[in-house]
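Chain and residue survey
Each chain, letter by letter, is given below.
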Amino acid sequence: MENAIITIIFMAVVGALIGGFTNFLAIKMLFRPYNAIKIKSWQLPFTPGLIPKRRGELAKQLGETVTKYLLTPEVFKKKLLSEDIRKNILNYSQQKIEEIIFTNDKTILDWVKLAGIHGIPEKVEEKVDLVIEKQFLQVKNTLSTKSIEQLLPEDIQQTINKKIPEIVTYILNKGEDYFVSEKGEATIRNMMDDFLSSKGSFGGMIQMFLGDSHSLVGKIQRELVKFLNSPGTKNLLVNIISQEWDKFKQQPAMNYLKDVQFEPILVNLQTYAKKELAITDRLDKSINYYLPEGNEWAKNELIPQIVDKGFVVAENKLEDVLNRLNLQEVVREQVDSFPLEKLEELVIGIASRELKMITILGAVLGGIIGIVQGLIVFMLN
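Residues numbered from 1 in each chain as written. Predicted model: local features only at pLDDT ≥ 70, side-chain atom pairs only at ≥ 80, totals over all residues. Heavy atoms only, no water.

Turning our attention to empty space enclosed by the protein. Where empty space is left becomes clear once a probe the size of a water molecule has been rolled over the atoms. Tallying each qualifying case throughout the model produces one cavity of 30 Å³ or more. Taken as a whole, the largest cavity encloses approximately 30 Å³ of empty space. Ile 51, Arg 55, Leu 58, Val 335, Phe 338, Leu 340 and Leu 343 together form the lining of the largest cavity. Elements represented by at least two residues in the lining of the largest cavity include exactly helix H3 (55–70) and helix H19 (340–350). When grouped by side-chain class, the residues that make up the lining of the largest cavity number six nonpolar, no polar and one charged. (1 Å grid on protein atoms, 1.4 Å probe; cavity = no way out; pocket = protein on both sides within 12 Å on 5 of 7 lines; lining within 4 Å. Points joined across faces, edges and corners; volume = space filled by probe spheres on them. Helix = DSSP H or I, 4+ residues; strand = E, 2+ residues; numbered from the N terminus. Nonpolar A, V, L, I, M, F, W, Y, C, P; charged D, E, K, R; others polar.)

Before going further, it helps to examine the UniProt feature "transmembrane region" (unreviewed entry) in the protein. This chain's UniProt record puts "transmembrane region" (unreviewed entry) on residues 6–31 and 358–380. Structurally, residues 6–31 is divided into 88% helix and 0% strand, and its ends, taken at the C-alpha atoms, are 38 Å apart. Helix and strand shares over residues 358–380 are 100% and 0% respectively, and the end C-alpha atoms of the span are 32 Å apart. (UniProt positions renumbered as here; feature names shortened; annotations may be inferred.)

Looking at the secondary structure, you find Met 11 in helix H1 (residues 2–28). Residues Met 11 and Gly 370, spaced 359 residues apart in sequence, show a C-alpha to C-alpha distance of 4.6 Å. Residue contacts for Met 11: discarding those within four places in its chain leaves Gly 370, Gln 373 and Gly 374. (Contact = heavy atoms within 4.5 Å.)

Quick look at a nonpolar patch on the surface now. On the surface, Met 357, Ile 360, Leu 361, Val 364, Leu 365, Ile 368, Ile 369, Val 372, Ile 376 and Leu 380 cluster together into a nonpolar patch covering about 950 Å² of accessible area. By secondary structure assignment, the location of Met 357 is in helix H20 (residues 352–380). (Patch = residues over 30% accessible without salt bridge, like charges linked within 9 Å, V, L, I, M, F, W, Y side chains within 5 Å. Areas by Shrake-Rupley, 256 points an atom, 1.4 Å probe, with all protein chains shown as cover. Salt bridge = Lys/Arg side-chain N within 4 Å of Asp/Glu carboxyl O.)

The next point concerns unusual backbone geometry. Non-glycine residue Ala 278 carries a positive phi angle of around 50 degrees. Mapped onto the elements, Ala 278 comes out in the loop between helix H14 (262–277) and helix H15 (279–283). Given the relative accessible area of 21%, Ala 278 is considered partly exposed. (Buried < 20%, exposed > 50% of the residue type's maximum accessible area, 1.4 Å probe, protein only.)

For the rest of this paragraph, the subject is the side chain of Gln 157. With respect to the secondary-structure elements, Gln 157 resides in helix H9 (residues 154–180). If sequence neighbours within four positions are ignored, Gln 157 has contacts with Glu 149, Leu 152 and Lys 249.

With that settled, the discussion passes to the pattern of salt bridges. Under the defined criterion, the tally for this structure stands at 10 salt bridges. We note a salt bridge from Glu 98 to Lys 299, for which the minimum N-O separation is 3.1 Å. On the criterion of sequence distance, the pair formed by Glu 98 in helix H5 (residues 83–101) and Lys 299 in helix H17 (residues 294–325) is long-range, its members being 201 residues apart. The partner of Arg 324 in a salt bridge is Asp 320, and the shortest N-O contact between them spans 3.0 Å. With Arg 324 and Asp 320 both in helix H17 and four residues apart, the pair spans about one turn of that helix.

Below you can see the structure in the form of structure tokens.
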């Protein structure tokens, strides 16, 4: 009887050791060995371990599972494009645009400097000088190469041509008014006296022959008035002025500006433009100065529209973006490149208690099987 008990205990211990060791070995063989073991051309069975051997298939299957059931477009839409997210983004944007953009603490010049751009006023003024100089030289070149007729628009030329008869009529009327006036009469008398005086004794004889100067001046006035009212006089003046106008139009404009000093004009134009622009003063003001209602407009109109539009675009483009990201391939590559040592450490670390229990369970079952085998041997004997 004593030998039978020892035998049963021995078989139980052996069974427990075998059961526990086999379960422990099976767990280890999930990962170990990491690489195949070969003896010359013969590969040792069960090498590498299960997970290293099926690593590529596992990575591929995991990638498909993640993209089909876990990271789907619907999941991204639900998590990233929810109403709560939209409200949070809207509130954050409204808060930041008030704190950062529409503040009196920073001027436009400060914003420009924050963007890494320096010396803006000087650069703008330099650009203004260059633009004005370029345009000024173009105007000067145009005045030198083109005639007045080419420079003046056709409608202005036609207007001037139509105005010439009116101008002549105006000049003749004013001439008539002047010569019949006391001032005109005095002018005629002085001219007549000067003329006769310049002729010496011959002039005195003519003056004696014509009589007193008053009657002679009256005669000259009447003749001048007749001359001015004569249609021929008007036609003559119209023709003369028209001819002179035609000659004037054929000349380059620069011919009449030869004595003009252009350099001071250019400098004055540049100085005036920079003074009126006042770039430094204009940039040394905050955005609120130019947009006093900009903060409310941005928060209540601009930002909500941008956020809503952004969410619509994101929702429409989300599936395309996910397809371009090719998450299935990303997951496969990451799993396939993940170090086996780390993966084993991760799994063992998470399921260490369960794996120990599996080893213990194997030992318990092995022990029970050993006891049963001992009892069977005892009964058969």
